[in-house]
Amino acid sequence: MTAWFQEFPERYEKELRLLREAGFEFEVDQPELEAGSLILYVQYPDGERSHLLTVTFPAEYPYFPFGITAPTFPSGRHLHPYGNDLCLLADLQNAWISSEDTLAGFLQEKVPAILETHLDDERGPELEGHEALRSSWYLDYPSGTKVLVGAWEIPPDIDRGTLTIALDPGFDPNGRLRGAVTEVFDSNGARIAELDAGNWSELYSRPSTKKLRARWVRLPTPPKKVGTAILDEAKAIWPSLATPKYKGGPDVVGLLFPEERDYRGDWMDTWAFAVRKKVAHQGRAGISHSPAWAEVLSRDALQARVPRVSPLAGKRVLVAGLGALGAPLALQLGRAGLGQLVCVDRDFVQVGNLVRWIGGIELVGLPKSEAVARLLRAQFPYLGVRVGHFSIGAIGINSKQLLEQLLEDVDLIVDTTAEWAVNHYLSDVARSRGLPYVWATATPGGWGGTVGRVAPGHTPGCWNCFQRHMYDDRIKRPPQEKGADVQPPGCFHPTFTGTGFDMDHVSLMATRLVASTLCADAAGGYPDFDWNAAVLSLWDELSGAPIAPTWKTIRLERHPDCPHHE
């Protein structure tokens, strides 16, 4: 493999020349150079003293920046808390300009600013990227560890106790620690915190769920040491932590310490976990020490990145039809933080569905409503899901009564059944109940589709008006592929061809309609659209070629022949 300084010899010579011109003394690590890596040792002057900096260039230089290690620099916000690496850029991958930035330039501009802020903290806000300093991010976590904790506020006068970790099924904590802290107790055994895990609480409370009893301690600052010394400060506070308690698994100690919530602003409590395990190496017994990553599980934590749709947490939506449109829409609503979802479908998951569905082979044979519920419950702990497995309008069952039961407290109906009779019926049910009604359809081949929304008191027209406008050619029909129906083995009835990634455009727009309908009236909510229906073109009907998605939006007006507006 060609080293970067062999591939870009001019850049290599430029870096060394600029260092010399700037007056920096440096040495090249010759053994590393011969091995294909570039490491420089640079003397950085600081008044009457100097700092020996180690500069390591990545193999992909100059596409990616070098790293600078400064073991004798004074501590501060720009020094790795568990190492000596300098933080040179607020956004390492995006702020680096490979055609302009050089080591000499950083040593003349960035490094002096870092040194100045470490010596004079008042200069920090002028020179720093304004992000919270969180030492917990820099602990050397083994890959795949995870311990969920709540957004608890542990009373500051309580500094130690015990906690219960419910382990994830199928994971051995002697390998990777994965689970959730379900309860926290003080040193007297009184419970002081409990995890609100939504529908996952049932999983964590099962008798079959394995649990670990662990200890925890509050530290006045983030841990100052790592590796085998990660518990040194905790032991000084609670000496009995020096003796591990294995009890058939690893010894786990929760570390609770303060970190910045905002840049140079409020503080918050943060958790990390120290794990000690019995190990054997070359026939000799020993103890390994490692941290485990803690993640806050709370409704607020999940909504923090999507504030405009936070009102969804208090809403209930019924989705009828859980095929290539309805199932992805249900997934998006669950991901966005919907509070309650009602899934209605008559069909079963088949092998042929999987090419444009959200689940995999393990769900084949299940009712689609049950399969969607199972998937979403497993992924979104605060989503409540109800299931209806029946055919709307079928003879022999009272589907009207079943539907009425499922419609209790529903805020909006989504219809992705692509069945004319069901569309007609559900749109009338929504109108009679004063509920918003959103529909979505796709055309054969996945060449196009329609979406629409009727909101009582806001939308002049209705679903029936939309169909009549389209019949009269006042609304242009979406493109469709001719002769695209197929009936593979095992398929109950013919279906059309078309890719999931084409039809996802329809379900995503329908999801946006749902979000805007339910959130627009809230302060800071997802704004409403200035249209009520739209027609999508994904393929050119004349050439039979795919095109960029094109939406024709429509203000849905009343149709003069619609019986609902006489």
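Whatever comes next refers back to the structure up there.
**Re the environment of Asp561**
- By the element assignment, Asp561 lies in the segment after strand 23 (545–554).
- Taking the C-alpha atoms as reference, Asp561 lies 9.6 Å from Asn464; in sequence the two are 97 residues apart.

**Side note on the packing of aromatic side chains**
- Applying the stated criterion to the full structure yields 24 aromatic pairs.
- When the centroid spacing of 6.2 Å and the interplanar angle of 55° are considered together, the rings of Tyr44 and Phe73 count as tilted. Of the two residues, Tyr44 sits in strand 2 (residues 38–46) while Phe73 sits in the loop between strand 4 (67–69) and helix 4 (92–95), which places them 29 residues apart along the sequence. Accessibility assignment for this pair places Tyr44 and Phe73 in one class, buried.

**Regarding the side chain of Ser507**
- You can see Ser507 is positioned in helix 15 (residues 500–519).
- Among all residues touching Ser507, those that are not within four sequence positions of it are Leu325, Pro328 and Leu329.

**Re the side chain of Gln303**
- Note that Gln303 resides in helix 9 (residues 299–303).
- Among all residues touching Gln303, those that are not within four sequence positions of it are Val309, Ser310, Ala336 and Gly337.

**Section: the sheet that holds strand 18 (residues 437–442)**
- Taken in spatial order, the 8 strands of this open sheet run 16-15-14-17-18-19-22-23, and their pairing is mixed. The two strands at the open ends of the sheet, each matched to only one other strand, are strand 16 (384–389) and strand 23. Taken over all neighbouring pairs, the strand axes of this sheet differ in orientation by 15° on average, direction set aside.
- Pairing geometry for strand 14 (residues 316–320) and strand 15 (residues 340–345), over 5 bridges, is parallel. What sits directly across from Leu318, in strand 15, is Val342.

**A look at the sheet that holds strand 4**
- If you trace the 4 strands from one edge of the open sheet to the other, you get 1-2-3-4, paired in antiparallel fashion. Looking at which strands have only one partner, the edges of the open sheet turn out to be strand 1 (25–28) and strand 4. Within this sheet the neighbouring strands show an average axis-to-axis angle of 25°, counted without direction.
- Where strand 3 (residues 49–57) meets strand 4, 3 bridges bridge the pair, whose relative direction is antiparallel. Within the sheet, the bridge partner assigned to Thr54 lies in strand 4 and is Thr69.
- Contacts from helix 5 (residues 103–119) reach strand 2, strand 3 and strand 4 within the one sheet, and its direction differs from that of strand 2 by about 50°.

**Some thoughts on the pattern of salt bridges**
- Enumeration according to the criterion identifies 21 salt bridges in this entry.
- Where Glu15 meets Arg11, a salt bridge forms, and the shortest distance between an N and an O atom there is 3.0 Å. In this pair, Glu15 and Arg11 are both assigned in helix 2 (residues 9–21), 4 residues apart and thus about one turn of the helix distant.
- A relative accessible area of 2% places Glu15 in the buried class.
- For Arg11, a relative accessible area of 11% gives the class buried.
- Linking Glu233 and Lys224 is a salt bridge whose minimum nitrogen-to-oxygen distance equals 3.9 Å.
- Linked through salt bridges whose partners overlap, the residues forming this network are Lys146, Asp168 and Arg178.

**Description of the nonpolar core**
- By size, the foremost hydrophobic cluster in this structure holds 46 residues, and its most contacted members are Val317, Leu341, Val372, Val414, Val451 and Val514.
- Listing elements by their share of this core, those giving two or more residues are strand 14, helix 10 (326–336), strand 15, helix 11 (368–379), strand 17 (412–415), strand 18, helix 15 and strand 22 (533–540).
- Looking at which element gives the most residues to this core, the answer is helix 15, with 9 residues.
- Discounting residues that sit within four places of it in the chain, Val514 has contacts with Val317, Leu333, Leu412, Val414 and Val438.
- Of all hydrophobic cores here, the second largest spans 33 residues; its members include Phe57, Leu86, Leu88 and Ile114.

**Quick word on the packing of helix 13 (residues 420–433) against helix 14 (residues 463–471)**
- For the pair helix 13 and helix 14, the least separation of the axes is 9 Å and the interaxial angle reads 135°. Judged by the inter-axis angle, helix 13 sits oblique to helix 14. Contact residues: helix 13 offers Trp420, Asn423, His424 and Ser427, while helix 14 offers Trp463, Asn464 and Gln467.
- Of the residues assigned to the contact of helix 13 with helix 14, the class counts are 2 nonpolar, 5 polar and no charged.

**Digging into the packing of helix 10 against helix 15**
- At a closest axis distance of 9 Å, the pairing of helix 10 and helix 15 adopts a crossing angle of 45°. The angle between the axes of helix 10 and helix 15 places the two elements in the oblique class. Our pair here, helix 10 against helix 15, has a crossing hand that is right-handed. The segment helix 10 lies against helix 15, with Pro328, Leu329, Gln332 and Leu333 engaging Asp504, Ser507, Leu508, Ala510, Thr511 and Val514.
- Within the contact of helix 10 with helix 15, the residues separate by chemical class into 6 nonpolar, 3 polar and 1 charged.

Criteria and thresholds
- Residues numbered from 1 in each chain as written.
- Predicted model: local features only at pLDDT ≥ 70, side-chain atom pairs only at ≥ 80, totals over all residues.
- Heavy atoms only, no water.
- Helix = DSSP H or I, 4+ residues; strand = E, 2+ residues; numbered from the N terminus.
- Phe/Tyr/Trp six-rings, centres within 6.5 Å; stacked < 30°, edge-to-face > 60°.
- Buried < 20%, exposed > 50% of the residue type's maximum accessible area, 1.4 Å probe, protein only.
- Contact = heavy atoms within 4.5 Å.
- Pairing = 2+ DSSP bridges.
- Axes fitted to C-alpha atoms, helices over the stretch in contact; angles between N-to-C directions.
- Salt bridge = Lys/Arg side-chain N within 4 Å of Asp/Glu carboxyl O.
- Core = buried A, V, L, I, M, F, W, Y, C linked by side-chain atoms within 4.5 Å.
- Parallel < 35°, antiparallel > 145°, perpendicular 65-115°, else oblique.
- Nonpolar A, V, L, I, M, F, W, Y, C, P; charged D, E, K, R; others polar.
- Left-handed = near helix turned anticlockwise from the far one by under 90°.

What is shown is where atoms sit, not what they do.
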